[in-house]
Amino acid sequence: MSSNPTIILVHGAFADGSSWGRVIPRLQAEGFAAVAVQNPLVSLDDDVAHVQRAIDRSKGPVVLVGHSWGGAVITQIGEQERVKALVYVAAFAPDAGQSPNDTLKPFPPSAGLSGVSVDKGRFLTLTPEGMARNFAQDLPAAEAALLAATQGPVAAACFATRVTAAAWKTKPAWYVVASQDRMLPPDFLRATASRIGARTVEVESGHAPHLSRPDAVAAVIVEAARAL
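In this text the structure is predicted, and so the values were computed from the model without any measurement.

A. Inspection of the environment of Ser179 at higher detail. With respect to the helices and strands, the residue Ser179 is situated in the loop between β8 (173–178) and α7 (186–195). Distance from Ser179 to Val203, taken between C-alpha atoms, is 6.0 Å for residues 24 residues apart in sequence. With residues up to four places along the chain from it excluded, the contact list for Ser179 reads Pro186, Arg190, Glu202, Val203, Glu204 and Ser205. Side-chain polar atoms of Ser179 contact the side chain of Gln180, separated by 3.4 Å.

The structure is reproduced here in structure tokens:
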């Protein structure tokens, strides 16, 4: 039986678990079990509960990978003993007592905010135009349209929710900076990676490097998993 850790992949806002579809085969080819969680994006607690169930179903050590909002989720849940490493992909990594919105305050608003639509329930989605211009500008137009159609709406309250734990303080962390990100400012990503002391890899991509640069993202995850 393999002693490799299980890699649990946590998607962010405006996405679903299928967004890891290009990374998972690459991880499997390296001998790792990989699981993509389908976050409801309703609250931090709900997303944490979904990730916890994935951890409970797995065996042995775990590497948690979070994209965007998913970074806040793995920050909250990652302190437990079985979690051995954290990988942030263009992601939030708040400190205990901080919300994702708090961490963004020193930085100018991103271009991606202009493409966000808010419904009467205070759930956020990206317009097709916003998805194509700001989330997936480095992907083919047909793929951006598919992402817009399959995205998970996210409760606006998620971004104002303060985490109560900061797993990156006790777990080794890796960070993928997307240098052409239009949803989260690249300078914010770089500052976040530096603040948490992460091993940092910068890739030339938009907000979803796991879709546009899956080889590079998979390589970072494999490095983290093999460093255990």
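B. Quick peek at the UniProt feature "domain: AB hydrolase-1" (unreviewed entry) in the protein chain. On the UniProt side, "domain: AB hydrolase-1" (unreviewed entry) is annotated at positions that read residues 7–220 here. Overall, residues 7–220 shows 34% helix and 19% strand. The separation of its end C-alpha atoms is 12 Å.

C. The arrangement of the layout of surface pockets in detail. Approximately 380 Å³ is the volume attributed to the largest pocket. The wall of the largest pocket is formed by 19 residues, among which Leu104, Ser110, Leu113, Met183 and Leu184 lie closest to the centre. Broken down by class, the residue content of the lining of the largest pocket amounts to 15 nonpolar, four polar and no charged.

D. Highlighting the packing of aromatic side chains. Scanning the entire structure with this criterion turns up five aromatic pairs. Aromatic side chains Trp69 and Phe159 sit 5.8 Å apart centroid to centroid with 70 degrees between the ring planes, which places their arrangement in the edge-to-face category. Linking Trp69 in the loop between β3 (62–67) and α3 (70–77) with Phe159 in the loop between β7 (154–155) and β8, this pair joins segments that are 90 residues apart in sequence. The two residues Trp69 and Phe159 agree in class, both being buried. Aromatic side chains Phe92 and Phe159 sit 6.1 Å apart centroid to centroid with 55 degrees between the ring planes, which places their arrangement in the tilted category. Highlighted residues: Phe92 in the loop between β4 (83–89) and α4 (100–104) and Phe159 in the loop between β7 and β8, separated in sequence by 67 residues. Of the two residues examined, Phe92 and Phe159, each falls in the buried class.

Criteria and thresholds
Residues numbered from 1 in each chain as written. Predicted model: local features only at pLDDT ≥ 70, side-chain atom pairs only at ≥ 80, totals over all residues. Heavy atoms only, no water. Helix = DSSP H or I, 4+ residues; strand = E, 2+ residues; numbered from the N terminus. Contact = heavy atoms within 4.5 Å. Polar contact = N/O pair within 3.5 Å; in protein donor to acceptor, adjacent residues only side chain to side chain. UniProt positions renumbered as here; feature names shortened; annotations may be inferred. 1 Å grid on protein atoms, 1.4 Å probe; cavity = no way out; pocket = protein on both sides within 12 Å on 5 of 7 lines; lining within 4 Å. Points joined across faces, edges and corners; volume = space filled by probe spheres on them. Nonpolar A, V, L, I, M, F, W, Y, C, P; charged D, E, K, R; others polar. Phe/Tyr/Trp six-rings, centres within 6.5 Å; stacked < 30°, edge-to-face > 60°. Buried < 20%, exposed > 50% of the residue type's maximum accessible area, 1.4 Å probe, protein only.

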